[in-house]
Amino acid sequence: MRSRSQNQRRKRIVQTATALALRGGVEAMQMRAVAERAGVALGTLYRYFPSKMDLVVAVVTEELDLVETSISRRPPTAETAAGRAVDVLMRATRGLMREPELADALVRSLIMAEAKTELGVRITDLLWRVATRAPASAGEEAGSPESPDRDGPAYIRVASLASVWIFELLELLKGDRDIDEVQHRLEVAAEPLLAHC
C-alpha cells in the first residue's frame, strides 16, 4: 500500500502527463519531460510507470473515473437498457472529444497489445450497470446478483456494444464520422444487442 506522499507524487505525475498530452498529444508525454515537470527523478517515474503506455493508461483511467463519477451523480434516465447505454457512451464521447488527445490515448490504450489494462472491462462493467440498473460492485463477491457473469451472453452483448463504441470513437477521431452519426450508429447497434438486458 502506498503512503500519502507516494499517492500525492503519483497524482502529480499523472496530472503533469495529462497537461502535456492536452498540449501536444500522447507524443508530447515524453517520460523525461513528465519527470522534470512533475519534479521527480526519472527513475522514480519509472518505478510508478514502467512504460509510457502505463502512464497513458493512468491518464485515461483518471478520465474514466471522472465519467463514472458523473454517471453516479446524474444517472441516465432512459426507459430502455439501450437508451441508458447510449446515453452513457455519448456523454463519454462528448467529454473525450473536448480533449481529442485524451480520446486518442483511450483508443490507443484499448487497442495496443502491449498494454495490460482493465479499461475495457471497466467500460463494459459501467455499461452493464447502467443497462441493467445494477449498483456498482466495488467490494462485492463474484457471483452476487449485481456482479456480472462476464462469460454470459448478456454481458458479451454489452461488451460488443463497447467494442462498437471504440470503433466509432476511432472513426470520429479520424474525421470519418460526426457526433450525430456516431450516436445514430450506437443507437442502431444497441437496440438488438441490449434488447434482453
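- By the naming in an unreviewed UniProt entry, the protein is TetR family transcriptional regulator, taken from Streptomonospora algeriensis.

1. Overview of the UniProt feature "domain: HTH tetR-type" (unreviewed entry) in the protein
Item 1. UniProt feature "domain: HTH tetR-type" (unreviewed entry): in the numbering of this structure it lies at residues 7-67.
Item 2. Overall, residues 7-67 shows 80% helix and 0% strand. The separation of its end C-alpha atoms is 21 Å.

2. A closer look at the pattern of salt bridges
Item 1. Under the counting rule described, the total for this entry stands at nine salt bridges.
Item 2. With a shortest N-O distance of 2.4 Å, Arg150 and Asp125 are connected by a salt bridge. A residue pair is termed long-range when its members are at least 10 positions apart, and Arg150 in the loop between helix H7 (119-132) and helix H8 (153-174) and Asp125 in helix H7 qualify at 25 residues.
Item 3. One salt bridge in this structure joins Glu168 and Arg177, with 2.6 Å as the shortest N-O distance.
Item 4. On the basis of relative accessible area, Arg177 is assigned to the buried category, the value being 15%.
Item 5. Overlapping salt bridges, with partners in common, bring together Glu168, Glu171, Lys174, Asp176 and Arg177 in one network.

3. Thoughts on the packing of helix H5 (residues 81-98) against H8
Item 1. At a closest axis distance of 11 Å, the pairing of H5 and H8 adopts a crossing angle of 30°. Classified by the interaxial angle, the pair formed by H5 and H8 is roughly parallel. Seen along the crossing, H5 lies across H8 with a hand that is right-handed. Contacts from Ala85, Leu89, Ala92, Thr93, Leu96 and Met97 in H5 reach Leu161, Trp165, Leu169, Leu172 and Leu173 in H8.

4. Here we look at the confidence of the model for the protein
Predicted coordinates in areas of low pLDDT are best not read in detail.
Item 1. When pLDDT is averaged along the protein, the result is 86; 91% of the residues meet or exceed 70.
Item 2. Averaged pLDDT values for the elements of the protein fall to 75 in helix H6 (residues 100-111) and rise to 97 in helix H9 (residues 179-193).
Item 3. For residues 138-145, every residue scores under 50 in pLDDT, and the model assigns this stretch four contacts once sequence neighbours within four places are set aside.

5. Considerations on the environment of Arg91
Item 1. By secondary structure assignment, the location of Arg91 is in helix H5.
Item 2. Put simply, Arg91 and Val67 are 24 residues apart on the chain and 8.0 Å apart in space, counted from C-alpha to C-alpha.
Item 3. Residue contacts for Arg91: discarding those within four places in its chain leaves Ser70, Ile71, Arg74, Pro75 and Pro76.

About the cut-offs
Residues numbered from 1 in each chain as written. Predicted model: local features only at pLDDT ≥ 70, side-chain atom pairs only at ≥ 80, totals over all residues. Heavy atoms only, no water. UniProt positions renumbered as here; feature names shortened; annotations may be inferred. Helix = DSSP H or I, 4+ residues; strand = E, 2+ residues; numbered from the N terminus. Salt bridge = Lys/Arg side-chain N within 4 Å of Asp/Glu carboxyl O. Buried < 20%, exposed > 50% of the residue type's maximum accessible area, 1.4 Å probe, protein only. Axes fitted to C-alpha atoms, helices over the stretch in contact; angles between N-to-C directions. Parallel < 35°, antiparallel > 145°, perpendicular 65-115°, else oblique. Left-handed = near helix turned anticlockwise from the far one by under 90°. Contact = heavy atoms within 4.5 Å. pLDDT = per-residue confidence, 0-100.

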